[in-house]
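# Summary of the model geometry
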Amino acid sequence: MTEAEEITEIRRAVQALCAEFPGEYWRDKDRDRAYPGEFVDALTRSGFLAALIPETYGGSGLKLDAAAVIMEEIQAAGCNGASAHAQMYIMNTLLRYGSEEQKAKYLPGIASGELRLQAFGVSEPTSGTDTLSLRTVAVKDGDHYVVNGQKIWTSRAEYSDLMLLLARTTPREEVKSKTEGLSIFLVDMREVVGNGMTIKPIRTMMNHSTTEVFFDDMRIPASALIGEEGKGFRYILSGMNAERILIAAECVGDAKWFIQKATDYAKERGVFGRPIGQNQGVQFPIARCYAQMRAAELMVHHAAAVYDAGGNPGEEANMAKMLASEASWAAADMCVQTHGGFGFAEEYDVERKFREARLYTVAPISTNLILSYLAEHVLGLPRSY
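Criteria and thresholds
- Residues numbered from 1 in each chain as written.
- Predicted model: local features only at pLDDT ≥ 70, side-chain atom pairs only at ≥ 80, totals over all residues.
- Heavy atoms only, no water.
- Axes fitted to C-alpha atoms, helices over the stretch in contact; angles between N-to-C directions.
- Helix = DSSP H or I, 4+ residues; strand = E, 2+ residues; numbered from the N terminus.
- Parallel < 35°, antiparallel > 145°, perpendicular 65-115°, else oblique.
- Left-handed = near helix turned anticlockwise from the far one by under 90°.
- Contact = heavy atoms within 4.5 Å.
- Nonpolar A, V, L, I, M, F, W, Y, C, P; charged D, E, K, R; others polar.
- Phe/Tyr/Trp six-rings, centres within 6.5 Å; stacked < 30°, edge-to-face > 60°.
- Buried < 20%, exposed > 50% of the residue type's maximum accessible area, 1.4 Å probe, protein only.
- Lys NZ or Arg CZ within 6 Å of the ring centre and 35° of its normal.

## Re the packing of helix α5 (residues 85-97) against helix α8 (residues 232-268)
Relative orientation of the contacting elements α5 and α8 amounts to 150°, with a least axis distance of 9 Å. Judged by the inter-axis angle, α5 sits roughly antiparallel to α8. Our pair here, α5 against α8, has a crossing hand that is right-handed. In this structure, α5 contributes His85, Met88, Tyr89, Asn92, Thr93, Arg96 and Tyr97 to the contact, and α8 contributes Arg234, Tyr235, Ile236, Ser238, Gly239, Ala242, Glu243, Leu246, Ile247 and Glu250. Partitioned by chemical class, the residues of the contact of α5 with α8 number eight nonpolar, five polar and four charged.

Okay, structure coming up:
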């Protein structure tokens, strides 16, 4: 099977799986703010959540571009990949920097679905995207680390067995470079929830299962450290690039869903004796969103190709995330406008997807931070912050 044929088969398989989870399923979950466990289990059984895990450990051994296709098709089908996407991009940090012992211990269980690696503890209330200013600390104590601090926007922590945690192991004033002194840990949450770790849900405008996590003298074994102590920030950068590429792919999928939904409705909805799609005032916004989506789609796959080739896709990943999230949000707004009042009716699923799409112009990194990155690191302009 050629690579193109493999991608086509992946698309068909994801579409078939998602057909088993129609809008009614997602409306029920959204209404109850419930975690879509059945959907995540189905993704796991199909092997899609193990796409990036090498075959040696029970995974599919696919490239990031294939993983991006999986996430895109989930969203294009009207489902919500946010329930599981973290397992994809967190995986890269473990794969690239984890020890052989850590991989052998955890990857087979993650691939089989016995373990869920869904939680990524990075953001904090006082620092946000200023990651280097985080205050959570991990202090070495014999063959353990003692962790104190707080994380916020740690989605799916209630439904995860493992957490990738970024904490400061050397005080900021003692490091030579501001990017040093942070370390990455793979925390077995089954051992520490209620025993140093407290999780509090945060209700938001969409069903995103996000939480606040508190660490109070939480003890974790020294073997939880990934890679070298103090090098954690550089380790997560590649994971962040993967995260932005995968979420950009989700945004492309969302845009495709909105465009198809609006197109179908515009063909069927008749007003003044003709379909509304015959009016240029309706067709032009749909066509413009299609063009915007296609351009973003090309950037997403270009960024994934750079990543898969072993390059540094910082520029491409950031542009892909910005362009795709803006294309998705433009398509969401257009879709509501095309549906008129019916766009606000729950049964059409437009309002749910509209709320979900809004998140990605803010998270996991805001558009302004992306523009600052491009201005400084690509265009050579003075640092703005």
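## Re unusual backbone geometry
With the exception of glycine, most residues fall at negative phi, and the peptide bonds are largely trans. Of note, the amide linkage connecting Ala363 to Pro364 takes the cis form, showing an omega dihedral of 0°. Of note, Pro364 is situated in the loop between α11 (350-358) and α12 (367-378). Positive phi outside glycine occurs at Ser209, with the angle close to 50°. Within the element layout of this structure, Ser209 appears in the loop between β6 (197-201) and β7 (211-221). The backbone of Asp217 shows a phi angle near 50°, a positive value even though the residue is not glycine. For Asp217, the position within the fold is in strand β7.

## Quick look at the packing of aromatic side chains
In this structure the tally under the stated criterion is 12 aromatic pairs. Ring centres of Trp257 and Phe258 lie 5.3 Å apart, and the angle between their planes is 80°; this geometry places the pair in the edge-to-face category. Look at Phe258 and you get buried, because its relative accessible area is 0%. Three or more aromatic residues joined by ring pairs make a cluster, and in this case those are Phe21, Tyr25, Trp26 and Phe39. We note Arg358 situated over the ring of Trp329; from NZ or CZ to the ring centre the distance is 5.3 Å. Above the face of the Tyr385 ring, Arg383 is positioned so that its terminal group lies 4.3 Å from the ring centre.

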